There are 2 protein chains.
Amino acid sequence: MNKVGLYVKFRTQPGQRDALVKVLLQAAQQAQNASGCELYVVNTTPGEEDVVWVTEIWRSAADHEGALSAPGAKELIGQAIPLLAGVPERIDLHPAGGAGLRG
Amino acid sequence: MNKVGLYVKFRTQPGQRDALVKVLLQAAQQAQNASGCELYVVNTTPGEEDVVWVTEIWRSAADHEGALSAPGAKELIGQAIPLLAGVPERIDLHPAGGAGLRG
């Protein structure tokens, strides 16, 4: 597979987690229509109150980059930035296979 | 959603990563037939040579526990343990929504 995967960890300003979840769920809707998006799931985590994790899988790195630079994405990034406490952390992945993907 | 999500980070003995990937891809096949498995993806990561990440989403915590205690799962856990360097780390998630899931 040439797919690329990502776990992205967003830490928000105190109390802003649910506002960020809303923005990222809009990003998920955009991703759904973007070329090559196979998975975009927005998660909270019980252990950390002001954290959101996004799980992404794209058909290729080029598809992922293309989606990030789409006009709608830039608008949502602009909405997300004031909610954040610091730069998101990112774990890059190479999906080797598995179960449950649409593609 | 009552879904539960997990990122599980396995660190292997040196050079055993690909052997663990094989075992976990078998686990993915079992998961695919298990009740309530919505996602089970096995990943390597470019930054860490002896690491495997598994991304899981289950319909409920009970479905996840049920799958872990199935007979076939126990056999695969037995195959995985000698390949590991330490106890896997686990990040628990509450999926809030997104795109690309089968269910």
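Refer to the structure printed above.
This is a predicted model, so every value here is computed, not measured.

**Looking at the pairing of strand β3 (residues 48-58) of chain B**
All names here are of chain B. Burial analysis of β3 places 9 of its 11 residues in the buried class, which makes it a mostly covered element. As paired elements, strand β1 (residues 4-11) and β3 share 8 bridges and run antiparallel to each other. Counterpart to Leu-6 in the pairing with β3 is Glu-56. Pairing of strand β2 (residues 37-45) with β3, which is carried by 8 bridges, proceeds in the antiparallel orientation. What sits directly across from Asn-43, in β3, is Trp-53.

**What to know about the interface of chain B and chain A**
Of the residues lining the interface, 30 residues belong to chain B; the matching set on chain A comes to 30 residues. At the boundary of chain B with chain A, total buried surface from both sides reaches about 2500 Å², with 61% on carbon and sulfur atoms. Here chain B is connected to chain A by 12 residue pairs in polar contact (both at pLDDT 80 or more). Contributions of two or more residues to the side of chain B that touches chain A are made by α1 (17-33), β2, β3 and β4 (89-99) of chain B. Of all the elements, β4(B) adds the most residues to the side of chain B that touches chain A, at 9 residues. Grouping the constituent residues of the side of chain B that touches chain A by class yields 18 nonpolar, 9 polar and 3 charged. For strand β4 (residues 89-99) of chain A and β2(B), the ladder comprises 5 bridges, and the chain directions are antiparallel. Within the sheet, the bridge partner assigned to Ala99(A) lies in β2(B) and is Tyr40(B).

**Observations regarding the side chain of Glu56(A)**
All names here are of chain A. Tracing the sequence through the fold places Glu-56 in strand β3 (residues 48-58). Among the polar contacts listed, one links the side chain of Glu-56 to the side chain of Trp-58, at a separation of 2.8 Å. A distance of 3.5 Å separates the side chain of Glu-56 from the side chain of His-64, its partner in a polar contact. Those residues in contact with Glu-56 that sit more than four places away from it in its chain are Val-4, Gly-5, Leu-6, Val-8, Leu-39, Tyr-40 and His-64.

Cut-offs and rules
- The residue numbers shown here count from 1 along each chain, following its written sequence.
- Going through the entries in the order they are written, you letter the chains from A and number the ligands from 1.
- In view of the model being predicted, local features appear only for residues whose pLDDT reaches at least 70, and side-chain atom pairs are presented and counted only at 80 or more, with totals across whole chains, interfaces and linings using the full set of residues.
- Hydrogens and water are ignored here; the side-chain numbers use all heavy atoms of the structure.
- Think of it in three bands: with a 1.4 Å probe and only protein chains considered, a residue is buried below 20% of the maximum accessible area for its type, exposed above 50%, and partly exposed in between.
- Put simply, DSSP marks the helices as runs of H or I at least four residues long and the strands as runs of E at least two long, and each gets a number from the N terminus on.
- For two strands to be treated as a pair, DSSP must find at least two bridges joining them.
- Whether two residues are in contact is decided by their heavy atoms: any pair within 4.5 Å suffices.
- Defined in terms of a 1.4 Å probe, buried area is the accessible area two parts forfeit on being brought together, summed over both.
- We call two N or O atoms a polar contact when they sit within 3.5 Å, provided that within protein one can donate a hydrogen and the other can accept it, with sequence-adjacent residues counted only if both atoms are side-chain atoms.
- When residues are grouped by polarity, Ala, Val, Leu, Ile, Met, Phe, Trp, Tyr, Cys and Pro land in nonpolar, Asp, Glu, Lys and Arg in charged, and all others, Gly among them, in polar.

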